[in-house]
Amino acid sequence: MALPGDTISIEEGYYRNNNHKGVLGLESAQNALHAMATRILNFQEKVKSPATIEMKKEAKHIIEEKNE
């Protein structure tokens, strides 16, 4: 995965190596994780249900309280 002098980082949910072009590891799995993180950060639930609607409302309330 890396040699001495390499720097490993995570950018936009993808593993990177400063001396290697492209994504390290299984890109399709990282695509799925990236999509899930994006949905979470944008409050876009995959399946609408009373439970997800309530959780979304509670999460927004907590974030608003912290930003005050």
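Residues numbered from 1 in each chain as written. Predicted model: local features only at pLDDT ≥ 70, side-chain atom pairs only at ≥ 80, totals over all residues. Heavy atoms only, no water.

Chemist: For this particular structure, what's the right way to read the layout of surface pockets?
Modeler: If you roll a probe as big as a water molecule over the atoms, it shows you where there is empty space left. When its volume is computed, the largest pocket comes out at roughly 210 Å³. Lining the largest pocket are Met36, Arg39, Ile40, Phe43, Gln44, Glu45, Lys46, Thr52, Met55, Lys56 and Ala59. Elements represented by at least two residues in the lining of the largest pocket include exactly helix 1 (27-41) and helix 2 (50-67). Tallying contributions element by element places helix 2 first for the lining of the largest pocket, with four residues. Grouping the amino acids of the lining of the largest pocket by side-chain chemistry returns five nonpolar, two polar and four charged. (1 Å grid on protein atoms, 1.4 Å probe; cavity = no way out; pocket = protein on both sides within 12 Å on 5 of 7 lines; lining within 4 Å. Points joined across faces, edges and corners; volume = space filled by probe spheres on them. Helix = DSSP H or I, 4+ residues; strand = E, 2+ residues; numbered from the N terminus. Nonpolar A, V, L, I, M, F, W, Y, C, P; charged D, E, K, R; others polar.)

Chemist: Any chance you could explain a nonpolar patch on the surface here in plain terms?
Modeler: There is a patch of nonpolar side chains on the surface, built from Ile8, Ile10 and Tyr15 and spanning about 280 Å² of accessible area. Position of Ile8 among the secondary structure elements: in strand 1 (residues 8-11). (Patch = residues over 30% accessible without salt bridge, like charges linked within 9 Å, V, L, I, M, F, W, Y side chains within 5 Å. Areas by Shrake-Rupley, 256 points an atom, 1.4 Å probe, with all protein chains shown as cover. Salt bridge = Lys/Arg side-chain N within 4 Å of Asp/Glu carboxyl O.)

Chemist: Can you help me understand helix 1 in this one?
Modeler: One full turn of an α-helix is made of 3.6 residues, so residues set three or four places apart face in the same direction. In this model, helix 1 (15 residues) spans 21 Å end to end at C-alpha, consistent with the 21 Å of a helix rising 1.5 Å per residue. Downstream of helix 1 by a residue or two, Phe43 has a phi angle that is positive, lying close to 55 degrees. (Expected span 1.5 Å × (residues − 1).)

Chemist: Would you explain the pattern of salt bridges in this entry?
Modeler: Here the idea is simple: oppositely charged side chains can pair when their charged atoms come close. Applying the stated criterion to the full structure yields two salt bridges. Here Glu11 makes a salt bridge to Arg16, at a shortest N to O gap of 4.0 Å. For Glu11, a relative accessible area of 43% gives the class partly exposed. A residue is classified by how much of its surface remains accessible, and Arg16, at 25% relative accessible area, is partly exposed. With its nearest N and O atoms 3.6 Å apart, the salt bridge here joins Lys57 to Glu54. Residue Lys57 and its partner Glu54 are located together in helix 2, separated by three residues, close to a single helical turn. The class of Lys57 is exposed, set by a relative accessible area of 53%. Residue Glu54 is classed as partly exposed on the basis of its relative accessible area, which comes to 36%. (Buried < 20%, exposed > 50% of the residue type's maximum accessible area, 1.4 Å probe, protein only.)

This is a description of form; function is not addressed.
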